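The primary structure of each chain is shown beneath.
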Amino acid sequence: MPYEAPDLAKLTLSDITELVATRKLPPVESWEPADTGDSEMRIASDGKWFHQGGEVKRPAMIRAFSSLLRRDADGQHWLVTPQQKLSIIVDDVPFIAVELQSEGEGQNRTLAFRLNSDDLIFADADHAIEMRNGLLYLYVREGLWAKLARPVYYELANLALAENPEFPCIWSKGAQFYMAAPA
């Protein structure tokens, strides 16, 4: 059966919640394989994946590899299996938030994002949105972040400005996120 990416625009928040709950990631944080090496892979700052210089174009492969990602305390990224841990170069962050769905307003808003790996993430207290060097990032899991693609950034900024033009911020699932760098 071929892999089909979720179309966020066609999903309700209830559908997204169900898809998030059913996505089971491997327990890469608990795996400590003795065999280490170099994956010869790189994730560019635009979210494209490369192996030995050639772009990985199959979405199912990117989804599979992204489920094996781990970031250690030193900031090094790894692809981890129970048998092997291979380094991977990440130019900025491993994920790009490529699609946004917003439901509700103000403190009752819920924001859902689709990543370039096709993972679905709700912004909430455990998945913060933060500004860094003029760009917005979304916390994904275990030290891994997603950068918001420019159209997603603008869409989110417009929502925040519509609600509070003097001090733009946005709410999602009861958590408040500021659309400016901390002072």
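That block above? That's the structure.
Residues numbered from 1 in each chain as written. Predicted model: local features only at pLDDT ≥ 70, side-chain atom pairs only at ≥ 80, totals over all residues. Heavy atoms only, no water.

**Q** When you look at the sheet that holds strand β9 (residues 120–122) in this model, what are you seeing that I'm missing?
**A** By definition, the strands of a sheet pair up through backbone hydrogen bonds, in either a parallel or an antiparallel sense. The strand order across the open sheet built from six strands is β9-β8-β7-β12-β11-β10, with neighbouring strands paired in mixed fashion. Each having just a single partner strand, β9 and β10 (129–132) make up the two edges of the open sheet. Each strand axis lies, on average, 40 degrees off the axis of its neighbour in the sheet, ignoring direction. Across four bridges, strand β11 (residues 135–141) lies against strand β12 (residues 144–148) in antiparallel orientation. Residue pairing across strands places Y139 opposite W145, the latter belonging to β12. The strands touched by helix α1 (residues 13–22) within the sheet are β7 (95–103), β8 (110–115) and β9, with β9 carrying the most contacts at an inclination of about 115 degrees. The strands touched by helix α3 (residues 150–163) are β7, β8, β10, β11 and β12; relative to β7, the strand with the most contacts, the crossing angle is about 35 degrees. (Pairing = 2+ DSSP bridges. Helix = DSSP H or I, 4+ residues; strand = E, 2+ residues; numbered from the N terminus. Axes fitted to C-alpha atoms, helices over the stretch in contact; angles between N-to-C directions. Contact = heavy atoms within 4.5 Å.)

**Q** How should the side chain of D124 be read in this particular structure?
**A** Its place among the elements puts D124 in the loop between β9 and β10. K173 provides the closest opposite charge to the buried, salt-bridge-free D124, at an N-O distance of 5.0 Å. Polar contacts involving the side chain of D124 include one to the main-chain amide nitrogen of H127, which spans 2.9 Å. Not counting chain neighbours up to four residues away, the residues in contact with D124 comprise S172, K173, A175 and F177. (Buried < 20%, exposed > 50% of the residue type's maximum accessible area, 1.4 Å probe, protein only. Lys, Arg positive; Asp, Glu negative; His and termini not counted. Salt bridge = Lys/Arg side-chain N within 4 Å of Asp/Glu carboxyl O. Polar contact = N/O pair within 3.5 Å; in protein donor to acceptor, adjacent residues only side chain to side chain.)

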